[in-house]
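Reading the structure
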Amino acid sequence: MSEPGRPHPNLEVASRYLPAGPRALVGGDWFETVRLHYGRTLLVVGDVMGHGLDAAVDMNAYRSTLRDVASTDLAPHRVLRQLDALAAGDAGRRPATCLLVRVDPARGVAMFAGAGHLPPAVFGADGSATLVDVPVGPPLGTGVGGYEAVTRTITPQETLLMFTDGLVERRGEDIDVSLARLAAVRLPRGAGVNAVVDAVVAALDADHAEDDVAVLAARSRPRLPVDPAAAAEAL
């Protein structure tokens, strides 16, 4: 899977892709970051239904379409509507789940919208996790639409964690139990975004997951105070 785009400098990002099985080099799990206007960044995690090369081909199609639609700077739920309509018009395209988060570090807010995807987690400064209650819309490609967005504050002390279902799901286990396992993870205080990804992958034993795993973590960079003397010299 190709690397995602580069977010704005005001956002720290770390990611991980873990294919299931030694020979499963490609699949339908993916993540992306898209720079938007005014210092905002759109974070994306998606999962095409199925496995193998066909899922990877559709994944690349969704990813390419997402970049084009996101460049119009629509709100996340409107981006999902466009993706759903375009995918539904392609009879050969597999359905996919998707989670979008538009992060605005300057305002300290994030807007979430989902298409059949599991909710993200936010780790606080104390290392504890909270699952974000995101309205669940239908998977992309169904043509049903009906996506909604929710907004919450997000601070430089909090780390957002987005992921595909392979990170948490276990065969024969209720999904609520799987998500509760993630919510119970406790991280060391002050852990960086790369350390957050490492700790979650280790805590959930994602290296031995039964399905592909994609993880994307992000944290706003705190704005440094302006030195009046330095600013005056720059003029």
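What counts, and at which threshold
Residues numbered from 1 in each chain as written. Predicted model: local features only at pLDDT ≥ 70, side-chain atom pairs only at ≥ 80, totals over all residues. Heavy atoms only, no water. Core = buried A, V, L, I, M, F, W, Y, C linked by side-chain atoms within 4.5 Å. Buried < 20%, exposed > 50% of the residue type's maximum accessible area, 1.4 Å probe, protein only. Helix = DSSP H or I, 4+ residues; strand = E, 2+ residues; numbered from the N terminus. Expected span 1.5 Å × (residues − 1). Contact = heavy atoms within 4.5 Å. Pairing = 2+ DSSP bridges. Salt bridge = Lys/Arg side-chain N within 4 Å of Asp/Glu carboxyl O. Phe/Tyr/Trp six-rings, centres within 6.5 Å; stacked < 30°, edge-to-face > 60°. Lys NZ or Arg CZ within 6 Å of the ring centre and 35° of its normal. Axes fitted to C-alpha atoms, helices over the stretch in contact; angles between N-to-C directions. Parallel < 35°, antiparallel > 145°, perpendicular 65-115°, else oblique. Left-handed = near helix turned anticlockwise from the far one by under 90°. Nonpolar A, V, L, I, M, F, W, Y, C, P; charged D, E, K, R; others polar. Arc of directions from axis to C-beta.

**Things to note about the nonpolar core**
Ranked by size, the top nonpolar core spans 26 residues in total, and within it Phe123, Leu161, Phe163, Leu167, Val168, Leu182 and Val200 carry the most contacts. Contributions of two or more residues to this core are made by strand E1 (11–18), strand E6 (121–123), strand E10 (159–163), helix H3 (175–183), helix H4 (193–203) and strand E11 (213–220). Ranked by the residues each element gives to this core, the list is headed by H4, at five residues. Within the second largest apolar cluster, 23 residues are counted, among which are Trp30, Met59, Val79 and Ala113.

**Observations regarding helix H1 (residues 52–70)**
Here H1 is 19 residues long and its end C-alpha atoms lie 27 Å apart, about the 27 Å a rise of 1.5 Å per residue gives. For H1, the full list of buried residues reads Ala55, Ala56, Asp58, Met59, Tyr62, Arg63, Thr65, Leu66, Val69 and Ala70. Turning to H1, the residues buried within the fold contact strand E2 (29–35), strand E3 (41–48), helix H2 (76–88) and strand E4 (96–104).

**Describing the pairing of E3**
In regular strands, side chains alternate between the two faces of the sheet. Most of E3 sits inside the fold, with eight of its eight residues counted as buried. In E3, alternate side chains face the same way, and those of Thr41, Leu43, Val45 and Asp47 on one face and Leu42, Val44, Gly46 and Val48 on the other are all buried. Hairpin remark: E2 followed by E3, antiparallel, with five residues in the connecting loop; positive phi at tyrosine 38, about 60 degrees. Judged from the eight bridges that link them, E3 and E4 form a sheet pairing that is antiparallel. Bridging from a neighbouring strand, leucine 42 pairs with arginine 102 of E4.

**Let's talk about the pattern of salt bridges**
Applying the stated criterion to the full structure yields 11 salt bridges. Among the ionic pairs, arginine 16 bridges to aspartate 198, the shortest N-O distance being 2.2 Å. Note that arginine 16 is positioned in strand E1 and aspartate 198 in helix H4, a separation of 182 residues in sequence. Judged by its relative accessible area of 41%, aspartate 198 falls in the partly exposed class.

**Some remarks on the packing of aromatic side chains**
In total, this model carries zero aromatic pairs according to the counting rule given. Lying across the ring of tyrosine 62, arginine 93 places its NZ or CZ 4.8 Å from the centre.

**Regarding the sheet that holds E1**
Strand order in the open sheet formed by five strands is E1-E11-E10-E6-E7, with antiparallel pairing between adjacent strands. The two strands at the open ends of the sheet, each matched to only one other strand, are E1 and strand E7 (129–131). Each neighbouring strand pair of the sheet contributes to a mean axis angle of 20 degrees, computed without reference to strand direction. Relative to E11, E1 runs antiparallel, the two being bridged by eight bridges. Directly across from serine 15, in E11, lies its bridge partner leucine 216. Of the strands in this sheet, E6, E7 and E10 touch H3, which is tilted by about 145 degrees from E7.

**A look at the packing of H1 against H2**
Contact pair H1 / H2: the axes reach a minimum separation of 10 Å and the direction vectors enclose 135 degrees. Taken together, the axes of H1 and H2 lie oblique to each other. Between H1 and H2 the crossing geometry is right-handed. The residues of H2 that touch H1, namely those facing Tyr62, Thr65, Leu66, Val69 and Ala70, are Val79, Gln82, Leu83, Leu86 and Ala87. Among the residues forming the contact of H1 with H2, the class breakdown is eight nonpolar, two polar and no charged.

**Observations concerning H4**
All of the buried residues along H4 are Val193, Val196, Val197, Val200 and Val201. Mapping the buried residues of H4 onto a view down its axis gives an arc of 125 degrees, with all of them on the same face. H4 presents Asn194 and Ala202 as exposed residues on the side facing more than 90 degrees away from its buried surface. Each element contacted by the buried residues of H4 is listed here: E1, E6, E10, H3 and E11. Just downstream of H4 lies aspartate 205, where phi reads positive at about 50 degrees.

**Description of unusual backbone geometry**
In this model, tyrosine 38 sits at a positive phi of 60 degrees, which is unusual for a non-glycine residue. Note on placement: tyrosine 38 falls in the loop between E2 and E3. Unusually for a residue other than glycine, aspartate 205 sits at a positive phi of about 50 degrees. Mapped onto the elements of the fold, aspartate 205 is located in the loop between H4 and E11.

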